[in-house]
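Results of the structural survey
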Amino acid sequence: MANPLVRNRYEQIKDMDRVERNVIDFFCAGSGGPEAYHGKDMVATHRGMNVSEQEFFAVIDDAMAALETCGVEPPVRNEVLAVLWSMKAEVVRN
Ligand code: HEM
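In this text, all values refer to a predicted model and were calculated from it rather than measured experimentally.

In terms of regular secondary structure, the protein chain is built from six helices and zero strands. The order of α-helices and β-strands along the protein chain, N terminus first, is α-α-α-α-α-α. Computed over C-alpha atoms, the radius of gyration of the protein chain comes to 13 Å, within 12% of the 12 Å expected from 2.2 N^0.38 for 94 residues, which places it in the range of a compact globule. Here the C-alpha coordinates of the protein chain stretch approximately 35 × 25 × 25 Å along the principal axes. Buried positions account for 2% of the 94 residues belonging to the protein chain. Pairs at least 24 residues apart make up 53% of the contacts formed inside the protein chain by residues separated by at least 6 positions.

Below, the structure is given as structure tokens:
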């Protein structure tokens, strides 16, 4: 929400509590659990949004900055970066 490149996307979310819960669970489940993810898959979630490469990079930058703020070490940040990058085709312009 603080990033002007993507703020408008998140301002349109109707149920922020649900999306926030799902995004947290997605990251937790993807990094080993025990939380389980109950949201939609990445293609279904972002379909029709026409997300651009610039927006995709902006969100990844924000995720990396958040990990750094939380003291996550570079090797782990790089691992997360690679996983997020691998989802590009599912999120961008699908
Ligand atoms: C690898 C990058 C990304 C990941 C892993 C990701 C992950 C997620 C997840 C887990 C959700 C919740 C889905 C649900 O509640 O069922 C979500 C929702 C959402 N994402 Fe992403 N996202 C990514 C990139 C982006 C980008 C680049 C944008 C646009 C700037 C974006 C916009 C949104 C919006 C607007 C929603 C809410 C959809 C709704 O209201 O149901 N996402 N994303």
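This paragraph deals with the site of the ligand. In the region of the ligand, 20 residues are neighbours, and Asn22, Phe26, Gly39, Lys40 and Glu55 sit closest. Residue assignment for the shell around the ligand shows that the elements contributing at least two residues are helix 1 (7–11), helix 2 (16–30), helix 3 (42–46) and helix 4 (53–69). For the shell around the ligand, the leading source of residues is helix 2, giving five residues. Here the shell around the ligand is built from residues that sort into 12 nonpolar, four polar and four charged.

Thresholds applied
- Residues numbered from 1 in each chain as written.
- Predicted model: local features only at pLDDT ≥ 70, side-chain atom pairs only at ≥ 80, totals over all residues.
- Helix = DSSP H or I, 4+ residues; strand = E, 2+ residues; numbered from the N terminus.
- Rg over C-alpha atoms; globule rule 2.2 N^0.38 Å.
- Buried ≥ 20, exposed ≤ 12 C-beta atoms within 10 Å, placed from the backbone.
- Contact = placed C-beta atoms within 7 Å.
- Near = placed C-beta within 6 Å.
- Nonpolar A, V, L, I, M, F, W, Y, C, P; charged D, E, K, R; others polar.

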